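Notes for the structure review
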Amino acid sequence: MADLFDGIVMAEQRFHGEGFQEGLAEGSHAGLAEGRRHGALHGARVGSEIGCYHGFALTWHCLLQKSTDEKNRKKIKALDSLIGMIQKFPYEDPTYDKLQEDLEKIRGKFKQHKVFVRSQDPLSVSSLGFHTLKIRGLTHQP
């Protein structure tokens, strides 16, 4: 009779162990798939945001290059700094420990430049050889 109960107890422990291993394997698989989806989505958002900043900086760099005004020379130098930060950003290294910190620095630098673009006189942009150009509410929502 004792062997019968031992067999039942052992079977319960065996099934519990097998169930745990199956659950662990299935949960790990589901977690990897969910992590991959989340990483792809978040990575696409960061890439889009950085791309917006890069396009902004390159466009204004080109617009201001034709000017010989000293103010615009300073703005170009500041844009060069932003472009350099963007070019050094580690897109392909998700394990980079300062990724969020560097992204925040780029965001801050972009906000600084956005202020001078809003204050840019449309007539001075026209004098660069372009028709009147106004940018209102230039923002990017990360």
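Quick look at the structure, then.

Cut-offs applied
- Residues numbered from 1 in each chain as written.
- Predicted model: local features only at pLDDT ≥ 70, side-chain atom pairs only at ≥ 80, totals over all residues.
- Heavy atoms only, no water.
- Helix = DSSP H or I, 4+ residues; strand = E, 2+ residues; numbered from the N terminus.
- Buried < 20%, exposed > 50% of the residue type's maximum accessible area, 1.4 Å probe, protein only.
- Contact = heavy atoms within 4.5 Å.
- Areas by Shrake-Rupley, 256 points an atom, 1.4 Å probe, with all protein chains shown as cover.
- Salt bridge = Lys/Arg side-chain N within 4 Å of Asp/Glu carboxyl O.
- Phe/Tyr/Trp six-rings, centres within 6.5 Å; stacked < 30°, edge-to-face > 60°.
- Core = buried A, V, L, I, M, F, W, Y, C linked by side-chain atoms within 4.5 Å.
- Polar contact = N/O pair within 3.5 Å; in protein donor to acceptor, adjacent residues only side chain to side chain.
- Expected span 1.5 Å × (residues − 1).
- Arc of directions from axis to C-beta.

A few points about the overall build of the protein
- Check the secondary structure of the protein and you find four helices and zero strands.
- Across the protein, helices and strands are ordered from the amino to the carboxyl terminus as α-α-α-α.
- Within the span of the protein, comprising 142 residues, buried residues form 24% of the whole.
- For the protein, long-range pairs separated by at least 24 residues make up 63% of all intrachain contacts whose partners lie at least 6 apart in sequence.
- A total of about 10300 Å² of accessible surface is found on the protein, and carbon and sulfur atoms cover 58% of it.

A few points about the pattern of salt bridges
- On inspection of all chains with the given rule, the structure shows three salt bridges.
- For the salt bridge of Arg107 with Glu49, the shortest nitrogen-to-oxygen distance reads 2.5 Å. Taken together, the positions of Arg107 in helix H3 (residues 99–118) and Glu49 in helix H1 (residues 2–65) put the pair 58 residues apart, joining distant regions of the chain.
- With relative accessibility at 17%, the residue Arg107 sits in the buried group.
- Its salt-bridge partner being Glu104, residue Arg107 comes within 2.5 Å of it at the nearest N-O pair. Of the two residues, Arg107 and Glu104 are both situated in helix H3; the distance of three residues between them amounts to about one turn of the helix.

Description of the packing of aromatic side chains
- Enumeration according to the criterion identifies two aromatic pairs in this entry.
- Ring plane angle 75° and centroid distance 4.9 Å describe the contact between Phe56 and Phe110, whose orientation is recorded as edge-to-face. Within this pair, whereas Phe56 is found in helix H1, its partner Phe110 is found in helix H3, the two being separated by 54 residues in sequence. For the pair Phe56 and Phe110, one class covers both residues: buried.
- Through a chain of ring-to-ring contacts, three or more aromatic side chains come together here, namely Tyr53, Phe56 and Phe110.

What to know about the nonpolar core
- One finds Ile50, Leu79, Phe89 and Ile106 to be the most contacted residues of the largest nonpolar core, which totals 19 residues.
- Top contributing element to this core by residue count: H1, with eight residues.
- Residues within four places of Phe89 in sequence aside, it is in contact with Val46, Ile50, Leu99, Asp102, Leu103 and Ile106.

So, the environment of Thr95
- With respect to the secondary-structure elements, Thr95 resides in the loop between helix H2 (70–88) and H3.
- By relative accessible area, Thr95 is classed as exposed at 68%.
- Only 2.6 Å separates the side chain of Thr95 from the side chain of Asp93, close enough to count as a polar contact.

Side note on H2
- Look at H2: 27 Å from first C-alpha to last across 19 residues, which is about the 27 Å you get at 1.5 Å a residue.
- Taken together, the buried positions of H2 are Asn72, Lys75, Ile76, Leu79, Leu82, Ile83 and Ile86. Axial view of H2: buried residues confined to an arc of 120°, hence all on one face. Opposite the packed face of H2, turned more than 90 degrees from it, sit the exposed residues Glu70, Lys74, Lys77 and Lys88.

Purely spatial values, then, with no claim about function.
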